[in-house]
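The lines below spell out each chain.
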Amino acid sequence: MPVTERALELALTAAQAAADKKAHDISVIDVADQIYITDAFVIASASNERQVIAIVDAIEEALVNLPEKAKPVRREGQNQGRWVLLDYVDIVVHVQHSEEREFYALDRLWKDCPIIPFVDRDMVDATAGTEAP
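Every value quoted in this text rests on a predicted model; they were computed, and no experiment measured them.

Asks: Explain a nonpolar patch on the surface to me, using residue names and the numbers behind them.
Replies: The grouping of V119, M123 and V124 at the surface amounts to a nonpolar patch, some 290 Å² of accessible area in total. Relative to the elements of secondary structure, V119 occurs in the loop between α4 (106–109) and α5 (121–128). Residue classification places V119 among the exposed residues on the basis of a relative accessible area of 55%.

Spelled out as C-alpha cells, the structure:
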C-alpha cells in the first residue's frame, strides 16, 4: 500500500520546512510497504547542533500550522542536537548532524523503498526566474 495523502502532505511540508532552514540532503522515503508503523521517513542533514535544533523547531511549527494540525507523538534526541527524531505516526522525521547521517546511512538502509520526489520551492523559484522567454 503506497503512502497515504495525509502522510504525503506531512512529509512534503516537513521537507520544505527543513529546506527553509537550510537543511541539506533532504530525502523523503516511502516505507509504507516495508513497515507498518509509519508511511514515510523524512531525512534531513544539518552542519551543526544549533542548525539541527532550528530545523526541528521549523518542522514542528510548519506541521502544527497545517489546517489539520499535526503534533509529534514522540520526540527524541533533542538534548544532544545530533539526531532528533520526530514521530508523527504517519511520518517519522529524522534530522541528523551530517556526521551522524553519514555514519548511520539511513538512506542506504532503506534504499529498496521508493523515493518521494521533493523539490525545494526556492529552487523552483530560482530556476523559473532564469529561464529564457
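Next comes the rest of the account.
Asks: Quick one: what's the story with the sheet that holds strand β2 (residues 40–46), residue by residue and with numbers?
Replies: Pairing is mixed across the open sheet formed by five strands, whose spatial order is β1-β2-β5-β4-β3. The sheet is open, and its two borders are formed by β1 (24–30) and β3 (74–76), each paired with just one other strand. Within this sheet the neighbouring strands show an average axis-to-axis angle of 10 degrees, counted without direction. Pairing between β3 and strand β4 (residues 83–87): three bridges, direction antiparallel. Bridge pairing in β4 links E76 to L85.

Asks: Break down the pattern of salt bridges for me, with residues and values.
Replies: Opposite charge on two side chains lets them pair, provided their charged atoms get close. Evaluated as defined, the whole model comprises 10 salt bridges. Salt-bridge contacts for D57 lead to R75; the nearest nitrogen and oxygen are separated by 3.3 Å. Residue D57 is located in helix α2 (residues 49–64), and its partner R75 is located in strand β3; the two are separated by 18 residues in the primary sequence. Since its relative accessible area comes to 39%, D57 is described here as partly exposed. Owing to a relative accessible area of 35%, R75 belongs among the partly exposed residues under this scheme. One network of salt bridges, with partners in common, ties together E49, R82, E99 and E100.

Asks: Residue-level account of the nonpolar core, with values.
Replies: Ranked by internal contacts, the top residues of the largest apolar core, which has 29 residues, are V42, I59, L63, Y88, I91 and V93. Taken together, the elements giving at least two residues each to this core come down to α1 (5–20), β2, α2, β4 and β5 (91–97). If we ignore the near neighbours within four places in the chain, the residues touching I91 are A7, L10, A11, A14, T38, A40, V42, L63 and L86.

Asks: Go over α1 with me, naming the residues and quoting the values.
Replies: Here α1 contains 16 residues, and its C-alpha end-to-end distance of 22 Å stays within 8% of the 22 Å for a straight helix at 1.5 Å per residue. Of all the positions in α1, only R6, A7, L10, A11, A14, A15, Q16, A17, A18 and A19 are classed as buried. Backbone geometry just downstream of α1 places K22 in the positive-phi region, at approximately 65 degrees.

Asks: Describe the packing of α1 against α2, with residues and values.
Replies: Where α1 contacts α2, the two axes come as close as 8 Å, and the packing angle between them is 140 degrees. Taken as axis vectors, α1 and α2 run oblique relative to one another. Here α1 and α2 pass one another in a crossing that is right-handed. Along the contact surface, α1 presents L10, T13, A14, A17 and A18, while α2 presents I55, A58, I59, A62 and L63. Its residues assigned to classes, the contact of α1 with α2 shows nine nonpolar, one polar and no charged.

Asks: So what's going on with the pairing of β2? Which residues, and what values?
Replies: Most of β2 sits out of view: seven of its seven residues are buried. The alternating pattern of β2 places A40, V42, A44 and A46 on one face and F41, I43 and S45 on the opposite face, and all of these are buried. Bridge count between β1 and β2: five bridges; the pairing is antiparallel. By the bridge assignment, I29 is partnered in β2 with F41. Of the pairings in the sheet, the one linking β2 to β5 comprises seven bridges and is parallel in character. Within the sheet, the bridge partner assigned to A40 lies in β5 and is I91.

Rules of the game
- Residues numbered from 1 in each chain as written.
- Predicted model: local features only at pLDDT ≥ 70, side-chain atom pairs only at ≥ 80, totals over all residues.
- Heavy atoms only, no water.
- Patch = residues over 30% accessible without salt bridge, like charges linked within 9 Å, V, L, I, M, F, W, Y side chains within 5 Å.
- Areas by Shrake-Rupley, 256 points an atom, 1.4 Å probe, with all protein chains shown as cover.
- Salt bridge = Lys/Arg side-chain N within 4 Å of Asp/Glu carboxyl O.
- Helix = DSSP H or I, 4+ residues; strand = E, 2+ residues; numbered from the N terminus.
- Buried < 20%, exposed > 50% of the residue type's maximum accessible area, 1.4 Å probe, protein only.
- Pairing = 2+ DSSP bridges.
- Axes fitted to C-alpha atoms, helices over the stretch in contact; angles between N-to-C directions.
- Core = buried A, V, L, I, M, F, W, Y, C linked by side-chain atoms within 4.5 Å.
- Contact = heavy atoms within 4.5 Å.
- Expected span 1.5 Å × (residues − 1).
- Parallel < 35°, antiparallel > 145°, perpendicular 65-115°, else oblique.
- Left-handed = near helix turned anticlockwise from the far one by under 90°.
- Nonpolar A, V, L, I, M, F, W, Y, C, P; charged D, E, K, R; others polar.

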